[in-house]
Amino acid sequence: MKNIVPDFDWYSSQSAKAKLPKRCPIASAELCPRYYASIWLLGNASITTKISDEDKARLDKKWASLKPTIAEEEPGIAHADGKFSSVSNFCPEVSKNIFGLFASGLYRYADEIDSGLAAERLAKESADSNDPQWHWAGVTPCHYTECREYSIFSELSSGKKSKMKSARTALNPKLRWQVFARDSFTCCYCGKRPPDVILEADHKISVAQGGKDELENLITACLECNRGKGSSNAPS
Ligand SMILES: [Zn+2]
């Protein structure tokens, strides 16, 4: 089987299949905590320029409340013998910008002997010049729809989607995250989880009926289950 090369062609074809924008619509430190954590790590490791102290203070504050719940999938960067060796759980948009591949994980060869052996093998196999194995021992391709963060935060920044909703403003991200975390990031109606579905916070008692934006009145629902609900209970 041919390895996936997570280049722009692969990424945009995945997006096209899902009828979504080519690039992640929330690829920004302001809109996504994974993007922010990824660029922060690169800056801290002196691979890119550091985020200014001012921005760091503001963004840390913005995303701090979500940190405990995303910890299990927190982006990481590793070094071996003082040299950069890998990134993991990374934002694929950041990986593309810095390393040229849409990947959540990128792993360097352990040493020159390893990379030399790999090059020999690739030459024997007449591997493509764009085969990532020339540079990387391991690559985990990742499309933005696979990110839990995309499921959770994309709707907040999408003007179109919020127009489908009532005129109310969107729930604040912290509350949404609390609802999803309590319900284990699972739709309470059908049991599906991202990346199979996009999650929303649904009001048990609708706002029209006096329901409040409170944790107790909110439940995790996928887009389909939420929108498919009877007209007596308007989507939250
Ligand atoms: Zn559902």
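See the structure printed just above.
What you see is a predicted model; the values in this text were computed from it and never measured.

### Some details on the nonpolar core
Next, step 1: In this structure, Y35, Y36, I39, A103, L106 and Y150 are the most contacted members of the largest nonpolar core, which totals 38 residues.
Next, step 2: Those elements giving two or more residues to this core turn out to be α2 (33-44), β3 (103-107), α7 (148-157), α9 (173-182), β5 (199-203) and β6 (218-222).
Next, step 3: Two domains each donate at least three residues to this core, and these are domain 1 (8-146) and domain 2 (158-227).
Next, step 4: Each residue touching Y35, except ones within four places of it in the same chain, is listed here: A27, S28, A29, C91, E93 and V94.

### Some thoughts on unusual backbone geometry
Next, step 1: Even without a glycine there, the phi angle at S126 is positive, about 45°.
Next, step 2: Structurally, S126 can be placed in the loop between α6 (112-124) and β4 (138-141).
Next, step 3: Residue class for S126 comes out exposed when judged on the 6 C-beta atoms lying within 10 Å of it.
Next, step 4: In the Ramachandran plot, F185 falls in the positive-phi region, its phi being about 55° despite a non-glycine side chain.
Next, step 5: By secondary structure assignment, the location of F185 is in the loop between α9 and β5.

Thresholds, definitions, all that
- Residues numbered from 1 in each chain as written.
- Predicted model: local features only at pLDDT ≥ 70, side-chain atom pairs only at ≥ 80, totals over all residues.
- Core = buried A, V, L, I, M, F, W, Y, C linked by C-beta atoms within 7 Å.
- Buried ≥ 20, exposed ≤ 12 C-beta atoms within 10 Å, placed from the backbone.
- Helix = DSSP H or I, 4+ residues; strand = E, 2+ residues; numbered from the N terminus.
- Domains from an automatic or database assignment.
- Contact = placed C-beta atoms within 7 Å.

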